Amino acid sequence: MPIATVNPATGETLKTFDALGAEEIERRLALARTAFEQHRTTEFGLRAELMNRAADLLEQDQQDIARTMTTEMGKPIVAARAEAAKCAKAMRWYAGHAEELLADEHPSAADIKDAGASRASVHYRPLGVVLAVMPWNFPLWQVVRFAAPALMAGNVGLLKHASNVPQTALYLEDLFRRAGFPEGCFQTLLVGSGAVESILRDPRVAAATLTGSEPAGRSVAAVAGDEVKKTVLELGGSDPFVVMPSADIGRAARTAVTARVQNNGQSCIAAKRFIVHTDVYDAFCERFAEGMRQLSVGDPMQESTDVGPLASEQGRTDLEELVDDAVRLGATARCGGQRPEKLDRGWYYEPTVLTGITTGMRIHHEEAFGPVATVYLVGDLDEAVSVANDSPFGLSSNVWTRDDGEVQRFVRDLEAGGVFFNGMTASHPALPFGGVKRSGYGRELSGHGIREFCNVTTVWHGAEPDANS
């Protein structure tokens, strides 16, 4: 794939970039290692000052970087501005909490004595240079939620961003440079996917984090495993959205629309499979489909647009194939199911609700990365849990119920990294984020995220000699 800005609203190639050559990659790797030796010994206060300055700059740049994101990958401009604001919030959160989250830990006096020590402690030390392989769908947020904790922990970052968001990638390097981080603390590598393996195998790279597809995650994990290097993977998701009889159906249906089409439906944590109890199935489906029909599809630069184009032509083709396969095998499109007739340029697809899904359909097993929802009818709680777990993914989940007993069952039995009740899955810097099964491993955000790329060091001191000996 060429490294280029291609406007998905028009299909027009706006700007292309040359990939870095071997000599420049080597220079940047050396610079990253040098930067780490300097940055790892800085005080938390200085790191916080620099991170807060980066947040200030990002807020000043909010409108410009939002337009860049929308131009490169098609998200509605309103959502792009919100993404920039969320990134600044996360930067400030880590600036204010990193020192506390990474404070030395001291076992109890009894445990120290039992360990045969006069004193003991646990320290969190940075690992070094961390390679981040990041996707296009949240081109700012996905990077910042790695970079903010990594830099605050004393690590440095190398970013290999998706090839269709090069200007956003370069902006991020410039942002941290302008904030005053030492040269080389955060660098963008404009390289193709074929260069990732050699960079990851380089001994100066200590670890890697990847958000993206399952095949990409397998590839990076295999190389890192061969090199015995730490990885964090956040991969695909096919999140269930369960609606039980006690739910507020009106709120559930309205939230379902937003949960499905956020970011034009191109989100790993977007609700994709809507699992509805038979007692409320008809009422929910009617309201859900009507809400999807009412969405405004069009130019993502317009403030009134709800759903913009998919990020690539191939992405739309993949989505069409999943829908066509389901309809051919008996599914019903309650709304949508085709390209909008009024939009003859760009990679648009109508918000779609499919019912009558069966296990033989591809969309039952594969992630639909676009504004397409599948709805399942279930008869009781046990069947709802079974259908929700019938997926190779386990990123997050949504459950609508006001029954405390059902809440406990879903918390206990859902195979997911998160369970959100009576609301929409979202990421927040204070809460750990990540999945199970083929959605990956490790956690981002919160204290769990900042410690992922730390060397957890045990410090043990032998018993003090007797003064009379």
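Refer to the structure printed above.
Just so we're clear, the structure is a prediction, and the values are computed from it rather than from any experiment. (Residues numbered from 1 in each chain as written. Predicted model: local features only at pLDDT ≥ 70, side-chain atom pairs only at ≥ 80, totals over all residues. Heavy atoms only, no water.)

Here's the deal with the packing of helix α2 (residues 44-60) against helix α7 (residues 166-179)
Argument step 1. At a minimum axis separation of 8 Å, α2 and α7 run at an interaxial angle of 125°. In terms of orientation, α2 and α7 fall into the oblique class. Regarding α2 and α7, the two cross each other, and that crossing is right-handed. Touching Leu50, Met51, Arg53, Ala54, Leu57 and Leu58 of α2 are Tyr171, Leu175, Phe176, Arg178 and Ala179, all from α7.
Argument step 2. Residue composition of the contact of α2 with α7, by class: 9 nonpolar, no polar and 2 charged. (Axes fitted to C-alpha atoms, helices over the stretch in contact; angles between N-to-C directions. Helix = DSSP H or I, 4+ residues; strand = E, 2+ residues; numbered from the N terminus. Parallel < 35°, antiparallel > 145°, perpendicular 65-115°, else oblique. Left-handed = near helix turned anticlockwise from the far one by under 90°. Contact = heavy atoms within 4.5 Å. Nonpolar A, V, L, I, M, F, W, Y, C, P; charged D, E, K, R; others polar.)

Details of the sheet that holds strand β18 (residues 440-441)
Argument step 1. Strand order in the open sheet made by the 6 strands is β6-β5-β4-β7-β8-β18, with mixed pairing throughout. Here the strands that pair on one side only, and so sit at the sheet edges, are β6 (186-188) and β18.
Argument step 2. Bridge analysis of strand β4 (residues 129-133) against strand β5 (residues 156-160) gives 5 bridges, and the strand direction is parallel. From the neighbouring strand, Val129 faces β5, where its bridge partner is Val156. (Pairing = 2+ DSSP bridges.)

Quick look at the layout of surface pockets
Argument step 1. Taken as a whole, the largest pocket spans an internal volume of roughly 1,500 Å³.
Argument step 2. Residue lining of the largest pocket: 50 residues in total, with Met1, Pro135, Trp136, Gly212 and Ser213 positioned closest to the centre.
Argument step 3. At the level of secondary structure, the elements contributing two or more residues to the lining of the largest pocket comprise β1 (3-7), α8 (196-201), β7 (205-211), α9 (214-227) and α12 (313-328).
Argument step 4. Class assignment for the residues of the lining of the largest pocket results in 26 nonpolar, 16 polar and 8 charged.
Argument step 5. There is about 600 Å³ of room inside the second largest pocket.
Argument step 6. Lining of the second largest pocket is provided by 30 residues; of these, Ala79, Phe138, Gln262, Asn263 and Met424 occupy positions nearest its centre.
Argument step 7. Looking at the lining of the second largest pocket, the elements with two or more residues in it are α4 (77-101), α6 (141-152) and α10 (249-261).
Argument step 8. The dominant element in the lining of the second largest pocket, judged by the number of residues it contributes, is α4, at 5 residues. (1 Å grid on protein atoms, 1.4 Å probe; cavity = no way out; pocket = protein on both sides within 12 Å on 5 of 7 lines; lining within 4 Å. Points joined across faces, edges and corners; volume = space filled by probe spheres on them.)

Topic: the nonpolar core
Argument step 1. Membership of the largest hydrophobic core comes to 84 residues, with the highest contact counts inside it found for Met51, Leu58, Met91, Leu131, Leu140, Phe176 and Ile199.
Argument step 2. Of all the elements, α4 adds the most residues to this core, at 12 residues.
Argument step 3. Not counting chain neighbours up to four residues away, the residues in contact with Phe176 comprise Met51, Ala54, Met91, Ala147, Leu151, Phe181 and Phe186.
Argument step 4. Among the nonpolar cores identified, the runner-up in size contains 30 residues, and Val243, Ala253, Val261 and Ala289 belong to it. (Core = buried A, V, L, I, M, F, W, Y, C linked by side-chain atoms within 4.5 Å. Buried < 20%, exposed > 50% of the residue type's maximum accessible area, 1.4 Å probe, protein only.)

Some points on the packing of aromatic side chains
Argument step 1. One pass over the full model with this rule turns up 10 aromatic pairs.
Argument step 2. Ring centres of Trp93 and Tyr94 lie 4.9 Å apart, and the angle between their planes is 85°; this geometry places the pair in the edge-to-face category. Tyr94 carries the same exposure label as Trp93, and that label is buried.
Argument step 3. Pairing Phe176 with Phe181 gives two aromatic rings, centres 5.7 Å apart and planes at 80°, and the pair type is edge-to-face. The pair Phe176 / Phe181 is uniform in exposure class, with both members buried.
Argument step 4. Through a chain of ring-to-ring contacts, the aromatic side chains of Phe241, Phe274, Phe284, Phe288 and Trp400 assemble into a single cluster.
Argument step 5. One Lys or Arg, Lys86, reaches over the ring of Trp141 and ends 4.6 Å from the middle of that ring.
Argument step 6. The ring of Tyr124 is capped by Arg451, whose NZ or CZ atom sits 5.5 Å from the centre of that ring. (Phe/Tyr/Trp six-rings, centres within 6.5 Å; stacked < 30°, edge-to-face > 60°. Lys NZ or Arg CZ within 6 Å of the ring centre and 35° of its normal.)

Geometry only, nothing functional implied.
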